[in-house]
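So the chains spell out like this:
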Amino acid sequence: DDDNNNDPEQQPQEQQDSYGTGITEEALWDANYEVSARFLYVSIIRLRGLWTKTAQYLSSRADFMPPSYVRELKRLQDEAPATDWSDIKDVIPPHILNALTNVDTQPLASASIGQVHTATLKQTGEKVCLKVQHPHARSLIQDDLWSLKVILKVVAWMEPDYEFLEILMREWAKESVHELDFGKEAQNLRDAQTALDALYPTRDAVLYTTINGGGGDKISFQVEVPRPFDDLCNEQVLVMSFCEGVRIDQFDQLRAWKLSRPAIVDGVAQAFAHFMYTSAIFQSDPHIGNLMVRPGTTQSEEGFTIVVLDWGLAKRLHETKRLAFCELALAAATFDFGLLLDSYRHVGLEMKRENAALSMQNIRFFLRDMAPAAKARKRIKAKIKHDEKYRSTLPKNQRVPMKSKAYPGDFLFFVRVNELLHGLGSKLQVDLQYMDLIRPYAERGLRQSELYNSNNHTGIQSRRERIPPHVKAPGSDKVLESKLVCLFDVLRLEGNFAGAQFYALDKSGRTLANVVAGHQGGLKSHVPMELDTLVLGFSCTKAIVATMAHIMVKEGYLDYDEPICSKSIWPAFCPTQKPPKALEEALVRTPVDADDDTTKMSLDELSQRWTWKRRITLWHVLTHQAGMWSALPAQMTMKSFGSCETCCAAFEYNDENPEETLLPEYGPGQRSEYHYLSFGWLVAGSLCGAFAKRHNMVSVSFEAVYKAILHPRLSLETRTSGFRPCGGSGGHALAKTC
């Protein structure tokens, strides 16, 4: 709620009686954090250098750090101890000082590397910012980097699986050295402005938030970066334009300006999505001290303008790496497992073992929705607890999932920016669907690259409209072809159509109709559909397994209305009348579990869903009313996905892994939802179970049931035409799923 304007760090502590009776463990930890946070602040003030950078990061993670740490350490974002003007003045060359007047000797802000003063240009009277490096900054930070390098070398020697930390350290050190050169920061500012010019066709152009304002309309906003004065910059001094605004955590001022906090976070996230996914440079330090806002845009007094400061720590990505991060974000947003694995390969991330489902789960959590601080902390704690439990079941050499020497350093800054943005959302107490927000920018980044042969989003749309249906190698039925062309054209103009291939034969093998229409969809929306375009035939074998089910019902193997967990069909599907004790321990929520932990539920809910599972019949499955439309095996890899038997077994109750039990989301028969993957596994598991019971077999493969039930009924032409619903032949075995 945007009207919830209380700073999360100032929330009142739960009151306890004077003797501490009834005090909770959480309250004890909070009291400890209050003391340790202040001690840490004082220690960092004394140490300075890289420790100040660390404090800035920690204080920006309101989604993870305790409120007391956020409150104490945030002062180091722009209120770090300043260097006296007499010392700072010695760093500034005379020609720069002579070009300025009205220099305020009291710094406007001070951070880890430098401090900022306001001044005026003598020649034009323009107000500017004078950023000067602390005299001690270079030596302190370089000493700290050297110390960390030595420590991580020892860690890598003792624990080779953590050698990737040294890789990340080298990447951090490389960019941190650049941060000490204000001349490079001036170049970064110029390149950032170039990136913004690509975002805005004209100076008065605006963007719009993805959320509505109070009047129901999207809120306009612009993004601004300071403008450097090249002749007044060197390695230790940077003179740039003064940007009006306040820090985005100045809640009283935001309320006075009637600026929406969710809209501001939405705008900031869009700005960084543009820099990361569609431009050559992005700012790598989006903490609150580097972000300002003011009301209005160059177009009107409505909306707001975001100012992104401090481009010293900026990252430039090679085109292939930028595209890899685009692929990763788009894959997470669209559940594209293949694209996700491609992105890993392109970014240079190598996993010790392939687990597409787990990788997708982790990346989607990494790009999770933003949430208020308390909710976000619970969510992260639940994830950590879940991951620790999972890792405890793995061999020690498998607990770090990636190959240590194949961890790309570029990944550090991609992770850093996304996590800092989540911390920003929590600091401002915002709920925001983050993946939906960044998806258009990731897709745009791919489309505008030469790799996908597309210049811009608008061009793609116009080319789509110029791909009408057309006939390839005309068939003999002109009336049918004409009707198909008209139908596809109507669907195209209504926007309900991507692309199609239609080819019809008569019994003698003559072509009746051969129509191709539209484009290839997705990232290939600019590529016309052709007769020889390969298209994934998804769900084609549902008809095969359904036909087998009807035949086996007719032959008395099973009935439509008999629960599939019955002893004569598939008892392992749901073996007991009531939920097993191990299942209760694994899935029932306890007082210490996070409220939003979606893996947990109440005992009543577990009992109800277990009962629903026991009531599922073959008829419910065949009519897509089983309530398990989205159920997928918990530990699915590309190899297990290609095994019908393995995936069927994932729907059974396993006492060794009760937390992986799949349960229906609603009662069977309550409603119909397309069971896009689970349909085949549920039907195949029922058929294999019934076949095995009839023939007194312990188990049987789906391919064996197919060969016994359906294969003999197929015509010779069908059997010899290459029709293999259970997979390919030779070294090209396809997925044996239904």
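Residues numbered from 1 in each chain as written. Predicted model: local features only at pLDDT ≥ 70, side-chain atom pairs only at ≥ 80, totals over all residues. Heavy atoms only, no water.

A few points about helix 20 (residues 542–554)
Then, in step 1: Along its 13 residues, helix 20 runs 18 Å from first to last C-alpha, staying within 8% of the 18 Å computed at 1.5 Å per residue.
Then, in step 2: Among the residues making up helix 20, those that are buried are K542, I544, V545, A546, M548, A549, I551, M552 and V553. (Helix = DSSP H or I, 4+ residues; strand = E, 2+ residues; numbered from the N terminus. Expected span 1.5 Å × (residues − 1). Buried < 20%, exposed > 50% of the residue type's maximum accessible area, 1.4 Å probe, protein only.)

With respect to the packing of aromatic side chains
How two aromatic rings sit relative to each other is set out by the distance from centre to centre and by the angle between their planes.
Then, in step 1: Following the criterion strictly, the structure yields 15 aromatic pairs and no others.
Then, in step 2: Taking 5.8 Å as the distance between ring centres and 5° as the angle between the ring planes, the aromatic pair formed by Y557 and F691 counts as stacked. Here the residue Y557 occupies a position in the loop between helix 20 and helix 21 (581–587), and F691 occupies one in helix 26 (residues 678–694), the gap between them amounting to 134 residues. Each member of the pair, Y557 as well as F691, is classed as buried.
Then, in step 3: Pairwise contacts between aromatic rings join Y277, F325, F366, F411 and F414 into one cluster. (Phe/Tyr/Trp six-rings, centres within 6.5 Å; stacked < 30°, edge-to-face > 60°.)

Digging into the pattern of salt bridges
A side chain of one charge can pair with a side chain of the opposite charge if their charged atoms are brought near each other.
Then, in step 1: Scanning the entire structure with this criterion turns up 28 salt bridges.
Then, in step 2: Across the salt bridge formed by R38 and E34, the nearest N and O atoms sit 3.3 Å from each other. Note that R38 and E34 are positioned in helix 1 (residues 25–47) at a spacing of 4 residues, about one turn of the helix.
Then, in step 3: Measuring nitrogen to oxygen at the nearest pair gives 2.6 Å for the salt bridge that ties E34 to R71. (Salt bridge = Lys/Arg side-chain N within 4 Å of Asp/Glu carboxyl O.)

Side note on the pairing of strand 11 (residues 304–308)
Then, in step 1: For strand 11, the buried fraction is high: 5 of the 5 residues fall into the buried class.
Then, in step 2: Of the two faces of strand 11, both are covered, the one formed by F304, I306 and V308 as well as the one formed by T305 and V307.
Then, in step 3: With 4 bridges joining them, strand 6 (residues 218–224) and strand 11 adopt parallel strand pairing. When the sheet's bridge partners are listed, V223 is paired in strand 11 with I306.
Then, in step 4: Pairing between strand 10 (residues 291–295) and strand 11: 5 bridges, direction antiparallel. By the bridge assignment for strand 11, M292 is matched with V307. (Pairing = 2+ DSSP bridges.)

Considering the pairing of strand 15 (residues 511–518)
The two faces of the sheet receive side chains in turn, since in a regular strand these alternate between them.
Then, in step 1: Most of strand 15 is tucked away, with 6 of its 8 residues classed as buried.
Then, in step 2: From the end of strand 14 (residues 499–505) to the start of strand 15, which pair antiparallel, there are 5 residues, and G509 there has a positive phi angle of about 95°.

Focus: the side chain of K542
Then, in step 1: Relative to the assigned elements, K542 resides in helix 20.
Then, in step 2: One buried charged residue, K542, forms no salt bridge at all, with the nearest opposite charge on E673 at 14 Å.
Then, in step 3: Only 2.7 Å separates the side chain of K542 from the side chain of S539, close enough to count as a polar contact.
Then, in step 4: Side-chain polar atoms of K542 contact the backbone oxygen of Y676, separated by 2.7 Å. (Lys, Arg positive; Asp, Glu negative; His and termini not counted. Polar contact = N/O pair within 3.5 Å; in protein donor to acceptor, adjacent residues only side chain to side chain.)

Some words on the nonpolar core
Then, in step 1: Ranked by size, the top nonpolar core spans 94 residues in total, and within it Y277, F304, W311 and L367 carry the most contacts.
Then, in step 2: Looking at this core, the element that brings in the most residues is helix 11 (residues 261–278), giving 11 residues.
Then, in step 3: With near-sequence residues (within four places) excluded, W311 lies in contact with E185, N188, L189, A192, V225, F275, I281, F282 and Q283.
Then, in step 4: Core analysis: the next-biggest nonpolar cluster, separate from the first, contains 58 residues, A549, M552, Y557 and F679 among them. (Core = buried A, V, L, I, M, F, W, Y, C linked by side-chain atoms within 4.5 Å. Contact = heavy atoms within 4.5 Å.)

Remarks on the packing of helix 11 against helix 12 (residues 319–334)
Then, in step 1: Where helix 11 contacts helix 12, the two axes come as close as 8 Å, and the packing angle between them is 125°. It follows that helix 11 is oblique to helix 12 by the angle criterion. Two secondary-structure elements touch here, helix 11 through M276, Y277 and T278 and helix 12 through R322, F325, C326 and A329.
Then, in step 2: Tallied by class, the residues present in the contact of helix 11 with helix 12 amount to 5 nonpolar, 1 polar and 1 charged. (Axes fitted to C-alpha atoms, helices over the stretch in contact; angles between N-to-C directions. Parallel < 35°, antiparallel > 145°, perpendicular 65-115°, else oblique. Nonpolar A, V, L, I, M, F, W, Y, C, P; charged D, E, K, R; others polar.)

Observations concerning unusual backbone geometry
Then, in step 1: Its identity as a non-glycine residue notwithstanding, Q429 has a phi of 55°, on the positive side.
Then, in step 2: Among the secondary structure elements, Q429 is positioned in the loop between helix 16 (410–427) and helix 17 (434–447).
Then, in step 3: With a relative accessible area of 12%, Q429 lands in the buried category.

Quick word on the confidence of the model for the protein
Then, in step 1: Residues at a pLDDT of 70 or more form 87% of the protein, whose mean pLDDT is 83.
Then, in step 2: Between the elements of the protein, mean pLDDT differs from a low of 37, seen in helix 18 (residues 457–465), to a high of 97, seen in helix 23 (residues 618–622).
Then, in step 3: In the model, residues 1–5 has pLDDT below 50 throughout and makes 9 contacts with residues more than four positions away in sequence or in other chains. (pLDDT = per-residue confidence, 0-100.)

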